[in-house]
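# Results of the structural survey
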Amino acid sequence: MSIDKTTINLERLGDLRCGVGESPLWSEEEGAWYWVDIPARTVWRWHAGSASARSWTLPEMVGCIALKDSGGLIAGMETGIFSLHLGNAQSAVAEKLASPAGLREGMRFNDGRCDRQGRFWSGTMFLDMAAARADGHLYRYTPQGLSLPMVSRLIVSNGLAWSPDGRTMYLSDSHASRQLVWAYDYDIDDGIPSAQRIFVDMNQHPGRPDGAAVDIDGCYWICGNDGSCVLRFTPEGKLDRKIDLPMSKPAMCAFGGAGLDTLLVTSISAGLAADDQWAGAVVTLRPGVAGMPETAFRT
């Protein structure tokens, strides 16, 4: 069913406008949201209590971030996996942790997050999406190092998420030629996905599958990029909710706030008309269900 915007308390965070807003996450300890603007090479932080924003610039584009249990962030960037220290300076300190052999010129890491056990996962993509090159791989990073590719032949790796018990992994390819969300059996002890199957064919729904989140009911929330909506699918892959948004290109969603009952959605302005006031906006809403807390990277 479709949910009217007036019933979900949709609010915009200031006048922030991202080129490609991605990878939102909630820090309960700080009472703050984080997300990235990929082409601007920027990490943003919004303190919920004071409604104040600040940002840090990075030496290269950043596709995704996750909290670290030791403080700071871990990130998938252009040339590898990095540890980020966000201090008082305008620029973050970035320390490279690993770089896969398959990350060639013209590529970068895209969507990523930690599994329920605190392993960091991120997928790579070729920047020129029009080329439709299936050069992307999904990798797992732990303090012991970077894995070999765990999933290959991805065009635009996206939609990474885990079920509440961690035993199902979700992954999407948001390229227009695919638009699929897969589910995998996930070995929580060894961190290995298997038994790939189609979970949702987004060619049958509005928008391309972009970033995702999972709620306490085990339902999968996916941003419909180019579809101006967020969709919720049951663990069986059935669409049961659709929330229309004022942004045509919502990019990724995350649960947070007190009780984890707020959904933050980032969006994209790149390639859209300059007078599109909602393009690139970051909004929060109340979907009527709580989300799962995100596990920090375990160092």
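Residues numbered from 1 in each chain as written. Predicted model: local features only at pLDDT ≥ 70, side-chain atom pairs only at ≥ 80, totals over all residues. Heavy atoms only, no water.

### Digging into the packing of aromatic side chains
Note the following rule: Side-chain rings of Phe, Tyr and Trp, where Trp is taken by its six-membered ring, are said to pair if the distance between their centres is within 6.5 Å; with planes under 30 degrees apart they count as stacked, over 60 as edge-to-face, and otherwise as tilted. Helix and strand definitions follow DSSP, with helices as H or I runs of at least four residues and strands as E runs of at least two, each counted in order from the N terminus. For each residue, the accessible area found with a 1.4 Å probe, counting protein chains only, is set against the maximum for its type, and the residue is called buried under 20%, exposed over 50%, and partly exposed in between. Whether a charge sits over a ring depends on NZ of Lys or CZ of Arg being within 6 Å of the ring centre and within 35 degrees of the ring normal.
Scanning the entire structure with this criterion turns up 11 aromatic pairs. Their ring planes at 65° and their centres at 5.9 Å tell us that Trp-121 and Tyr-186 sit as a pair that is edge-to-face. With a gap of 65 residues between them, Trp-121 in strand β12 (residues 120–126) and Tyr-186 in strand β18 (residues 180–187) connect regions that are remote in the sequence. By relative accessible area, which is 4% here, Tyr-186 ends up buried. Between Tyr-170 and Phe-199, the ring centres sit 4.8 Å apart and the planes meet at 50°, which makes this aromatic pair tilted. One end of the pair, Tyr-170, is in strand β17 (residues 168–173); the other, Phe-199, is in strand β19 (residues 192–201), with 29 residues separating them in the sequence. Members of the aromatic cluster, joined through ring pairs, are Trp-121, Trp-162 and Tyr-186. Against the face of Trp-278 rests Arg-12, its NZ or CZ located 5.3 Å from the ring centre. Stacked on the ring of Phe-126, the Lys or Arg Arg-133 has its end atom at 3.8 Å from the ring centre.

### Overview of the pattern of salt bridges
Defined as follows: Here a salt bridge means any side-chain nitrogen of Lys or Arg lying within 4 Å of a carboxyl oxygen belonging to Asp or Glu.
Overall, the coordinates contain 15 salt bridges when judged by the stated rule. In this structure, Glu-30 and Arg-45 form a salt bridge, with 2.9 Å as the shortest nitrogen-oxygen distance. One end of the pair, Glu-30, is in the loop between β3 (21–27) and β4 (32–37); the other, Arg-45, is in strand β5 (residues 42–47), with 15 residues separating them in the sequence. The partly exposed category is assigned to Glu-30, whose relative accessible area is 30%. When the shortest N-O distance is used, the salt bridge between Asp-226 and Lys-249 registers 2.6 Å.

### Observations regarding the UniProt feature "binding site: substrate" (unreviewed entry) in the chain
Put simply, the test is: UniProt positions are given in the numbering used here, feature names are shortened, and annotations may be inferred rather than shown by experiment.
UniProt annotation of "binding site: substrate" (unreviewed entry) refers to Arg-108, Asn-110 and Asp-128 when read in the numbering used here. Spanning 21 residues, the named residues nonetheless gather at one spot, since no C-alpha pair among them exceeds 12.9 Å. Within the secondary structure, Asn-110 is located in strand β11 (residues 107–114). Looking at Asn-110, the relative accessible area reads 5%, which means it is buried.

### As for the side chain of Ser-147
Test applied: In what follows, residue pairs with any heavy atoms lying within 4.5 Å of each other are defined as contacts.
In this fold, Ser-147 is placed in the loop between β14 (145–146) and β15 (151–154). Excluding its chain neighbours within four sequence positions, the residues that come into contact with Ser-147 are Tyr-139 and Arg-140.

### Thoughts on the layout of surface pockets
What counts, and what does not: In this analysis the probe radius is 1.4 Å and the grid spacing 1 Å, with only protein atoms considered; a cavity is a set of points the probe fits into but cannot get out of, a pocket is an open set with protein on both sides within 12 Å along at least five of seven lines, and lining residues have an atom within 4 Å of a point. Grid points are joined across faces, edges and corners, and a volume is the space filled by probe spheres set on the points. Ten residue types, Ala, Val, Leu, Ile, Met, Phe, Trp, Tyr, Cys and Pro, are classed as nonpolar, four, Asp, Glu, Lys and Arg, as charged, and the remainder, Gly among them, as polar.
Quantified by volume, the largest pocket comes out at close to 510 Å³. For the lining of the largest pocket, the secondary-structure elements that each account for two or more residues are β3, β20 (208–214) and β24 (250–256). Here the lining of the largest pocket takes 4 residues from β3, the largest share from any one element. In the lining of the largest pocket, the residues fall into 16 nonpolar, 5 polar and 8 charged.

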